[in-house]
Amino acid sequence: MCGIVGAVSLRDVTPMLTESLYHLEYRGYDSCGIAIIKNGELHRIRGTKRISELQKKIQKNNLHGISGIAHTRWATHGSPNINNAHPHFSGFSSKNASIAIVHNGIIENHEVLRKNLSKIGYRFKSQTDTEVLAHLINYFYNGDILKAVQQTIQHIKGKYAIAVFCKKEPNRIVGARNGSPLVIGIGKNENFLASDNVALIPFTKKFIYLEDTEIVDLTPNNISIFNTNGIKINKKIQIEAINSDVNELGIHQHYMEKEIFEQPKIIRRLLKNIKSIHPELFGYQAPNIFEKIDSVLILGCGTSYYSGMIAKYWIESIAKIVTSVEIASEYRYRDTIPNPNTLIVIISQSGETADTLSALKHAKDLGMKNILSICNVATSSIVNASMLSYITQAGLEVSVASTKSFTSQLFSLFLLTLVLAKLKNRLTKNQENLFLTDLKCLPKSIESIFSMRKDIEKWGRYFACKKNIFLLGRGVHYPIALEGALKFKEICYIHAEAFQSSEMKHGPLALITKNTPIIIIAPKDKLIEKLKSNIQEIKVRAGELHIITDSNNFNIQKNINFLKISETCNSLSPILYGITFQLLAYQAAVFRGTHIDKPRNLAKSVTVE
Ligand code: AGP
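Numbering of residues begins from 1 in every chain and follows the order in which that chain's sequence is written. In keeping with the model being predicted, local features are shown solely for residues with a pLDDT of at least 70 and side-chain atom pairs are shown and tallied solely at 80 or more, while totals for entire chains, interfaces and linings include all residues. To obtain the side-chain values, all non-hydrogen atoms of the structure were included, while hydrogens and water were left out.

**Examining the domain arrangement of the chain**
Okay, so step 1: An automatic or database domain assignment supplies the start and end points of every domain. Its domain assignment divides the chain into domain 1 (2-239), domain 2 (255-450) and domain 3 (453-592).
Okay, so step 2: Each of domain 1 and domain 2 was reduced to a C-alpha centroid, and the two centroids are 35 Å apart.
Okay, so step 3: Across the boundary between the two partners, domain 1 contributes 11 residues, which contact nine residues of domain 2.
Okay, so step 4: Salt bridges are counted wherever a side-chain nitrogen of Lys or Arg sits within 4 Å of a carboxyl oxygen of Asp or Glu. Inspection of the region where domain 1 meets domain 2 yields one salt bridge.
Okay, so step 5: Here a polar contact is recorded for every N or O atom pair within 3.5 Å, except that within protein the pair must consist of a potential hydrogen donor and a potential acceptor, and residues adjacent in sequence are included only if both atoms are side-chain atoms. Joining domain 1 to domain 2, the criterion identifies two residue pairs in polar contact (both at pLDDT 80 or more).
Okay, so step 6: Under the grouping applied here, Gly and all other residues not named as nonpolar or charged are polar, the nonpolar ones being Ala, Val, Leu, Ile, Met, Phe, Trp, Tyr, Cys and Pro and the charged ones Asp, Glu, Lys and Arg. When the residues that make up the side of domain 1 that touches domain 2 are grouped by side-chain class, the tally is five nonpolar, two polar and four charged. In this description, contact between two residues means that some pair of their heavy atoms is separated by no more than 4.5 Å.

**Brief notes about the side chain of Asp30**
Okay, so step 1: Secondary structure elements follow DSSP: runs of H or I of four or more residues count as helices, runs of E of two or more count as strands, with numbering from the N terminus. Note that Asp30 resides in the loop between helix H1 (14-24) and strand S2 (31-38).
Okay, so step 2: Here the term buried applies to any residue with accessible area under 20% of the maximum for its type, exposed to any over 50%, and partly exposed to those in between, with areas from a 1.4 Å probe on protein chains only. Here the positive residues are Lys and Arg and the negative ones are Asp and Glu; neither His nor the chain ends is included. In this structure, Asp30 is buried with no salt-bridge partner, the nearest side chain bearing the opposite charge being Arg73 at 5.9 Å.

**Here we look at the nonpolar core**
Okay, so step 1: Residues Phe282, Phe290, Val345, Phe411 and Phe488 are the most contacted members of the largest nonpolar core, which totals 94 residues.
Okay, so step 2: Per-element accounting of this core gives the leading share, 12 residues, to helix H13 (residues 404-423).
Okay, so step 3: Taken domain by domain, the makeup of this core includes at least three residues from each of domain 2 (255-450) and domain 3 (453-592).
Okay, so step 4: Look past the residues within four positions of Phe411 in its chain and what remains in contact with it is Ile267, Leu270, Leu271, Ile274, Tyr390, Leu439, Leu442 and Ile575.
Okay, so step 5: Within the second largest apolar cluster, 27 residues are counted, among which are Leu113, Val132, Leu146 and Ala148. Only buried residues count toward a nonpolar core, which is a set of Ala, Val, Leu, Ile, Met, Phe, Trp, Tyr and Cys residues joined through side-chain atoms within 4.5 Å.

**Quick word on the state of the cysteines**
Okay, so step 1: Here, the term disulfide refers to a pair of cysteine sulfur atoms separated by no more than 2.5 Å. All told, the structure shown has one disulfide when counted by the stated rule.
Okay, so step 2: The disulfide partner of Cys441 is Cys569, and the gap between their sulfur atoms is 2.3 Å. Of this pair, Cys441 sits in helix H14 (residues 429-450) while Cys569 sits in the loop between strand S25 (560-564) and helix H18 (573-592), and the two are 128 residues apart along the sequence.
Okay, so step 3: According to the relative accessible area criterion, Cys441 is partly exposed, its value standing at 25%.
Okay, so step 4: Here Cys301 is not cross-linked by a disulfide; its sulfur's nearest cysteine counterpart is in Cys375, at 13 Å.

**Looking at the sheet that holds strand S8 (residues 173-178)**
The pairing of strands in a sheet happens through backbone hydrogen bonds and is either parallel or antiparallel.
Okay, so step 1: Here seven strands make up an open sheet; going across it, the order is S5-S6-S7-S8-S12-S13-S14 and the pairing antiparallel. Two strands close off the open sheet at either side, each with one partner strand: strand S5 (88-90) and strand S14 (232-233).
Okay, so step 2: Pairing between two strands requires that DSSP report at least two bridges joining them. In this structure, strand S7 (residues 158-166) lies alongside S8, joined through four bridges in antiparallel fashion. Along S8, the bridge assignment pairs Ala163 with Gly175.
Okay, so step 3: Together, S5, strand S6 (99-107) and S7 form the strand contacts of helix H4 (residues 130-140), whose direction differs from that of S6 by roughly 130°. Axes, fitted as lines to C-alpha atoms, cover a helix only where it is in contact. Angles between the N-to-C directions of the axes lie from 0 to 180 degrees.

**A short note on the packing of H13 against H18**
Okay, so step 1: It is the contact of H13 with H18, at a shortest axis distance of 10 Å, that shows an interaxial angle of 175°. The angle between H13 and H18 places the two elements in the roughly antiparallel class. Within the contact between the two elements, H13 uses Phe406, Thr407, Leu410 and Phe411 and H18 uses Ile575, Ile579 and Gln582.
Okay, so step 2: Residues of the contact of H13 with H18, tallied by class, amount to five nonpolar, two polar and no charged. Note on terminology: angles under 35 degrees are roughly parallel, angles over 145 are roughly antiparallel, angles of 65 to 115 are roughly perpendicular, and the others are oblique.

**Remarks on helix H11 (residues 354-365)**
Okay, so step 1: The first and last C-alpha atoms of H11 sit 16 Å apart over 12 residues, in line with the 16 Å expected at 1.5 Å per residue.
Okay, so step 2: Every buried residue of H11 is listed here: Ala354, Asp355, Thr356, Leu357, Ser358, Ala359, Leu360 and Ala363.
Okay, so step 3: Considering only its buried residues, H11 is in contact with S7, strand S16 (295-300), helix H10 (328-331), strand S18 (342-348), strand S19 (371-375) and helix H12 (381-384).
Okay, so step 4: Gly367 lies just past H11 and shows a positive phi near 95°. To estimate how far a helix should reach, multiply one less than its number of residues by 1.5 Å.

**A word on the packing of aromatic side chains**
Okay, so step 1: Aromatic contacts are taken between Phe, Tyr and Trp rings whose centres are within 6.5 Å, Trp giving its six-membered ring; a plane angle under 30 degrees counts as stacked, one over 60 as edge-to-face, and the others as tilted. Tallied over the full model, the rule gives 13 aromatic pairs.
Okay, so step 2: Look at Phe282 and Tyr390: their rings are 4.9 Å apart centre to centre, the planes differ by 35°, and that puts the pair in the tilted class. With Phe282 in the loop between helix H7 (263-272) and helix H8 (286-292) and Tyr390 in strand S20 (residues 388-391), this residue pair connects regions lying 108 residues apart in the sequence.
Okay, so step 3: Relative accessible area serves as the criterion here: at 0%, Phe282 is assigned to the buried category.
Okay, so step 4: You can call Tyr390 buried: its relative accessible area is 7%.

**Considering the environment of Asp597**
Okay, so step 1: Inspection of the secondary structure puts Asp597 in the segment after H18.
Okay, so step 2: Here the alpha-carbon distance between Asp597 and Ile491, two residues 106 residues apart in the chain, equals 7.7 Å.
Okay, so step 3: There is a polar contact of 2.9 Å between the side chain of Asp597 and the backbone nitrogen of Met256.
Okay, so step 4: Side-chain polar atoms of Asp597 contact the side chain of Ser399, separated by 3.1 Å.

**Brief notes about the environment of Pro517**
Okay, so step 1: Structurally, Pro517 is set in strand S23 (residues 517-522).
Okay, so step 2: Residue Pro517 is classed as buried on the basis of its relative accessible area, which comes to 1%.
Okay, so step 3: Residues Pro517 and Ala421, 96 residues apart in the sequence, show an inter-C-alpha distance of 40 Å.
Okay, so step 4: Each residue touching Pro517, except ones within four places of it in the same chain, is listed here: Phe463, Lys466, Asn468, Ile469, Phe470, Glu544 and His546.

Following this line, the structure appears as structure tokens:
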């Protein structure tokens, strides 16, 4: 979380830093700020409102300069107020300040460092762990900001990406990373640093991705990168073909709406590369690795975890391989029994989720090296640390709520299922063709969900004024109920709970009252008759029922609302029910007037534990 950016140039960097902040706002929006060196002094503007407000203040104060750093914050240490907003300065008064820093991550030993620095006279103006870094760099500073940062790093524990500069060396910025992403953008007579290349796309297409413990020293015409031992290293420049208009809203009201409607296009794009089912789709080493695995362990958080839950049903029923799924943050702190023949599947949209990345490292430390990441960002830390990767190609997802990334993860996981099944001789040619046909029918079936938008909108209006909603699903559709509930929570701020419909009578039924809305996922599958009995059990207890189904065999009963899905693509039906919930929660959020793309307290990329 938190977005950092820095720029050193021969021209004014203020407009560039501001523009970058807009692109980084998805990483946190509790507060924001910018620091610039102007007329030999450090100047800082901070705010607790959105970037647009900061921009107005920058213009009002006529802030210009040829080097600067900026930040958008997701608060960890210290509440989201102006004093805790970055950049943080070090000097004995802010006018004299000589060091400025922006930071993403958590410094774990900040308390002891704070105590020691206080003892020698440093005064703290914030509750952040970052200010500790500013003072420590100041303490070590002896005319060379690079050396001061190198020394500081020896004394800190935790995760960080930082950009630092000093007023005594006005055209120089130093960056360092350990556990939080940092990318260098290469310009002409100017160079940049940022948490994500997206922030720099308007200014350059040339990037160098820093790895953990690396440090970079930037001036407008020079980039020097050093390893942990302070030795200068050469790194590959990567050219990214991303358009600067990737995050234009276009005709849409919100990014979430835009991203929901992009889904057929994304699936068509993924389908283009699939003529047949073969393991090389997951990398050239995949055939050897997949051949020897005897089980699968899927790790992820939030929506990515739910896509893993769905994959378990697919892999066990189609490929017949024992599969388990765990929340990444729990897995790494639990005693487990490692099996070197397990395929570890790491699922993450951003590829930077701290809990998921740590779980990956934990699995590796346990001797499980067969790691496949399913990820949306090819240059991310998770992809970097994986032996195999499959890039979901969903494009930049701006809205905090995962939508298109969930669908593309499911597509990839279904493909993985088929590859594993084929390799283990558990897929006949006929079955392969049928499953491929299901995949190919997906874009059209998704569009058929969009054609129900008016009905979904009516449902959205209805649920918008509810305090609690229950969602029920069975089997492979139970994770969809969980994902639907997550969407209602995060973008509508409605308390939503998901249960397996069969579990209601074991406890949750006690919650059902006359006005408790229950949304039931009722696919036409082998459990439908059982589900109908569950529905009756709820109905006689006066629960308010709303059924989403593709079955024509429901008796349309009084007091039950139906939403009829026309196509399901067989095994891929969870994708279509998932998209229905995305639209439903979105419409409810529109009626509630919430901050749909940037829900309170959340951030898109969760880079702290
Ligand atoms: C869901 O809408 C959220 N965006 C969240 O649960 C997300 O899926 C989770 O934080 C994991 O993120 P990742 O996929 O980037 O690792």
